[in-house]
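Chain by chain, the residues run as shown.
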Amino acid sequence: MFAFHLAFPIRDIEETRRFYVDVLGCREGRSTERWIDFDFFGNQISAHRSSEPRSTETSMVDGKAVPLHHFGAVLPRPVWDALRERLEAAGATFLLEPQIRYPGKPSEQGTFFILDPSGNGLEFKSFTDDSGMFAQVEAT
């Protein structure tokens, strides 16, 4: 298994730290006054302070508008459910409410979208059958 590294823009180190550690439950890694690393479900993400505005473009997926620029994690269903419950308890606003997408198809998955404090789109998925992650489905 390989992990990925992703660098992305943020407005503020402290609000980002609170969100990723306290709300999502990520472990903090290294940091400076300009960037902070997190263990994002076994992957390394680096949040870098930026004054550039974040894109608000969307793309249609299964009939729903989702942030064009987003990242996330594919989680086992019990972890996905626990994260959903953690976010609900924290009063998080879901950009796309938790739901089952492509029911009855090989790519059936639980999914939801949220925004971090800097407006970065995050999607969390859980496939009913892990072999469905790359299954060919009719695009909508």
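Refer to the structure printed above.
Criteria and thresholds
- Residues numbered from 1 in each chain as written.
- Predicted model: local features only at pLDDT ≥ 70, side-chain atom pairs only at ≥ 80, totals over all residues.
- Heavy atoms only, no water.
- Helix = DSSP H or I, 4+ residues; strand = E, 2+ residues; numbered from the N terminus.
- Contact = heavy atoms within 4.5 Å.
- Polar contact = N/O pair within 3.5 Å; in protein donor to acceptor, adjacent residues only side chain to side chain.
- Pairing = 2+ DSSP bridges.
- Expected span 1.5 Å × (residues − 1).

*Asks:* Please explain the environment of Arg17 as it appears in this structure.
*Replies:* The topology assignment puts Arg17 in helix 1 (residues 13-23). Considered as a pair, Arg17 and Pro117 are 100 residues apart in the sequence and their alpha carbons are 10.0 Å apart. For Arg17, the residues in contact, after removing those within four places along its chain, are Asp22, Glu28, Ser31, Ile36 and Phe38. At 2.3 Å, the side chain of Arg17 and the side chain of Glu14 are in polar contact.

*Asks:* Just to check I follow, could you spell out the pairing of strand 4 (residues 43-49) for this structure?
*Replies:* When a strand is regular, its side chains alternate between the sheet's two faces. Examined bridge by bridge, strand 1 (residues 5-10) and strand 4 share six bridges and lie parallel to one another. When the sheet's bridge partners are listed, Ala7 is paired in strand 4 with Ser46. With six bridges connecting them, strand 3 (residues 35-40) and strand 4 associate as antiparallel partners. Residue pairing across strands places Phe38 opposite Ile45, the latter belonging to strand 4.

*Asks:* So what exactly am I meant to see when it comes to helix 2 (residues 77-89) here?
*Replies:* Every α-helix carries 3.6 residues per turn, so stepping three or four residues along brings you back to the same face. Spanning 13 residues, helix 2 covers 18 Å between terminal C-alpha atoms, matching the ideal 18 Å at 1.5 Å per step. Check the buried side of helix 2 and you find it contacts helix 1, strand 8 (94-101), strand 9 (109-115) and strand 10 (121-127). Among the residues trailing helix 2, Gly91 stands out with phi positive, at a value near 75°.

Nothing here speaks to function; it is all geometry.
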